[in-house]
Structure formats: structure tokens, C-alpha cells
Amino acid sequence: MTDTLTRIALARRPKGLPEPEDFSFETSALPEVSVGNVLVAVTHLSLDPYMRGRMDDVKSYAPSVEIGGTMTGQGVGRVIASKAEGFTEGDLVTGMTGWTSHAVLPATELRKLDDSLPPSTALGVLGMPGFTGWVGLKEFGRPKAGQTLVVGAATGPVGSMVGQLAKAAGMRTVAVAGGPEKCKLAVETYGFDAAIDHRAYADAGALRAALAEAAPDGVDIYWENVGGKLLEAVIPLMNVGGRIPVCGMIAWYTGLDGDGSDRLPALWRSVLVKRLSVNGMIVFDHWGRFPEFVSEVTPMVANKHIAYLEDVAKGLENAPKAFISMLQGGNTGKQIVAL
Ligand SMILES: NC(=O)c1ccc[n+]([C@@H]2O[C@H](COP(=O)([O-])OP(=O)(O)OC[C@H]3O[C@@H](n4cnc5c(N)ncnc54)[C@H](OP(=O)(O)O)[C@@H]3O)[C@@H](O)[C@H]2O)c1
């Protein structure tokens, strides 16, 4: 067992897309474990789009990372020392470890995992992103057989869960993804009925024409992961009574896709005229249903009724590079870092 802790800290607040210099690599001695706590050696770290928001100093639904503070994030690892009842050396656990090799966490903030599926699944398909898609679709999407769903970032852990569950509910499913490879995966791996490469269309109008062809009966659920050009393209295609669970808007996290401010009146008019249900959703509000998700979806993953893909970067030192790449669509599947 190494006695050094390595971690990635926030060195400065990024402007737009983060740069490697916004992060620093720090080392220190392993922390002591006090009563009620557990020392975890992290084996897998989750990289998620929300982390970009934590790098800004703005009021949100969760606190920002301080300058010099460890980048926030969920990890999976093995207990290497425990002063908490119910946890012993070797246990596989998950919790908010941050971007670090080791973390001391209160036992109350850890969840034990079994070894039946790869540990990294607790960060993606069977973790926060998979749960986001599952709970948001049930609560706000309300899938109906014969209707049509469109989702962007469709091969990521949220979009692929939404697409597969909507398909299982009898919907026509249309993926929007970046590049021909991801579009192929959307259809072949995740069973989408059609897939559109948003990078192939220069503007919202051209993207809308492609979407209209893929969704000839209009769109009943637009699962919002992306914002930007896709949102602008899809709104005029929404059917009366359509649902828009607003889960994320990654195109705007780094300010790379315009701000859409001149479209506000048209958007609001559509919400009124088409009686759209637009629901902001944050996964934290729904944790009470997490056990139900785990018991329903674990067997579906185990028997391959739900497919998942992971993109694994090797080594904590490569986390910033993998994170910056993910924000631009460089990941194929759930972005993990294996330590
Ligand atoms: N509300 C919540 O509680 C909650 C919880 C989890 C996640 N989320 C949100 O859900 C969304 C998906 O998360 P995820 O973990 O599944 O991420 P992900 O799909 O693994 O990764 C992000 C993807 O976004 C796409 N993207 C990036 N820039 C884009 C742009 N300008 N236009 C269109 N697509 C772009 C890229 O896919 P392509 O290459 O296919 O374009 C990229 O791979 C994110 O917005 C995230 O913030 C929200």
C-alpha cells in the first residue's frame, strides 16, 4: 500500500472550455482515519459534465470547488482502513471521493457494492447518470407507445438509458450524436430507430430538416441534454402536449454554441401554443427512488437488455485531459478514469 495521496485540484477558474493549466496535480501523506470514517483507495473515477459548472464561482444547486480544492466527483474503490462499523478492509464501495487516489469518507456517505458487475458500472449505467435517465423519463418524460422521442448526447450514459427505456416502452427513438461512429453505435448498440449527426449540419435549420425526416409524426418527448443548435432545431417539431425534461445543456456549459438569447420569444410562444411540459430536473431531488432503480435496472444490465459503453482513461494524471475531451464529445460512452 502506497502512503502517498495524489489528487487533482482546481488551480484557476476556466473561461469557456477548461485548459490543462486550470488543474494542478498535488501530493500529500495519506490522511488519518477517525472514528466513523473509512479510508478508500480509489480504483475508478467518474467524469461528468456537471463538473464544469463546479469550476465556476456562481450560485447553483451545489457549491463550487474552491481554488486549491480537490475537483469533486464520484469514485469507486476498496476500503483499505476502517474505523466504522459495517466496513472492513477489501470492501468495494462508492462515494464522493473527488479526483483523488485516496479519500477518507464518513461511512454514512458510502454505499457498498457487490462484485457481480464491473465496479465502474456504479458510476455510469447503474449510477448517477443511468438513474438520471431512468427517473427523469418516468417522472417527466412519461413515455407512450407509438410516440416519438429525440435525445442528444445519445450515446452517453444519460442519453443511452433514456433511448433504451423509451424504445422498450414502444416509442420511436431518434438519437442525435456527434459523428458517424457514434450514430452507428446509437442504432446498433442502443437500438435507436434513427440517428442524426449534429456535426454534419451547419445550422439549426438544416438539422431541423434532418430531424423532421427522422421524426415524421413530430416529437413528443425531447430529452434535453444539450441546448444550443439542437434545442433550436427541435422546438418547432414538438407536438401539442409534448414533454421536455430539461436535464442538461452541455452546448452552453463552455459557451461554444452561441447563447440563443434572440430565440427566447419563439421558445416561450411554443411552450404556450403547444402546451408543452418543460420540467427542470436535478437528480439529487430523486435519490429516494435510487434503490428502486438499482433493483429494476441491475438485472436488465446483467442480462444485456440494457447496453452500456465506457470510455476509460488510464491514470489520475490524465483526468483533466479526458474531462476536457468529454466536454467536446471526445468520449464514446461513460467517461471513466481507471487509477
Ligand atoms: N440534471 C441532472 O441531474 C443531470 C444528471 C446527469 C447528467 N446531466 C446532464 O446530462 C447531459 C448528458 O450527460 P452524460 O453524463 O450522459 O454525458 P456524455 O453524453 O457522456 O458526455 C457529454 C456529451 O455531450 C455531447 N456534446 C458536447 N458538446 C455538445 C454540443 N455543443 N452539441 C451537442 N452535443 C454536445 C457530446 O456527445 P456527442 O459527441 O454525441 O455530441 C459529449 O460526448 C449533460 O448535459 C449533463 O450535464 C444532468
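What this report covers is the structure whose coordinates are included nearby. Because the structure is a prediction, the values reported are computed rather than measured.

Quick look at the side chain of Thr 173 now. Of note, Thr 173 is situated in strand S9 (residues 172-177). When near neighbours in sequence (up to four residues on either side) are disregarded, Thr 173 contacts Leu 149, Gly 163, Ala 166, Lys 167, Gly 191, Phe 192, Asp 193 and Ala 194.

In this section: the site of the ligand. As a matter of local geometry, the ligand sits amid 28 residues, with Lys 182, His 198, Tyr 253, Met 281 and Asn 331 nearest to it. The backbone of Cys 247 places a nitrogen or oxygen atom 2.8 Å from a nitrogen atom of the ligand. For the ligand, a nitrogen atom lies 2.7 Å from a polar atom in the backbone of Met 281. Look at the ligand: alone it shows 910 Å² of surface, and the protein chains cover 93% of it. Those elements that provide at least two residues to the shell around the ligand are helix H2 (128-141), helix H3 (157-168), helix H7 (250-253) and helix H10 (319-327).

This next bit is on the pattern of salt bridges. A complete count under the given rule lists eleven salt bridges for this structure. Across the pair Glu 188 and Lys 184 runs a salt bridge, and its minimum N-O distance is 3.6 Å. Here the residue Glu 188 and the residue Lys 184 both occupy positions in helix H4 (residues 180-188), the gap between them amounting to four residues, near one helical turn. Owing to a relative accessible area of 46%, Lys 184 belongs among the partly exposed residues under this scheme. Across the pair Glu 292 and Arg 289 runs a salt bridge, and its minimum N-O distance is 3.0 Å.

Rules and cut-offs
Residues numbered from 1 in each chain as written. Predicted model: local features only at pLDDT ≥ 70, side-chain atom pairs only at ≥ 80, totals over all residues. Heavy atoms only, no water. Helix = DSSP H or I, 4+ residues; strand = E, 2+ residues; numbered from the N terminus. Contact = heavy atoms within 4.5 Å. Near = heavy atom within 4 Å. Polar contact = N/O pair within 3.5 Å; in protein donor to acceptor, adjacent residues only side chain to side chain. Areas by Shrake-Rupley, 256 points an atom, 1.4 Å probe, with all protein chains shown as cover. Salt bridge = Lys/Arg side-chain N within 4 Å of Asp/Glu carboxyl O. Buried < 20%, exposed > 50% of the residue type's maximum accessible area, 1.4 Å probe, protein only.

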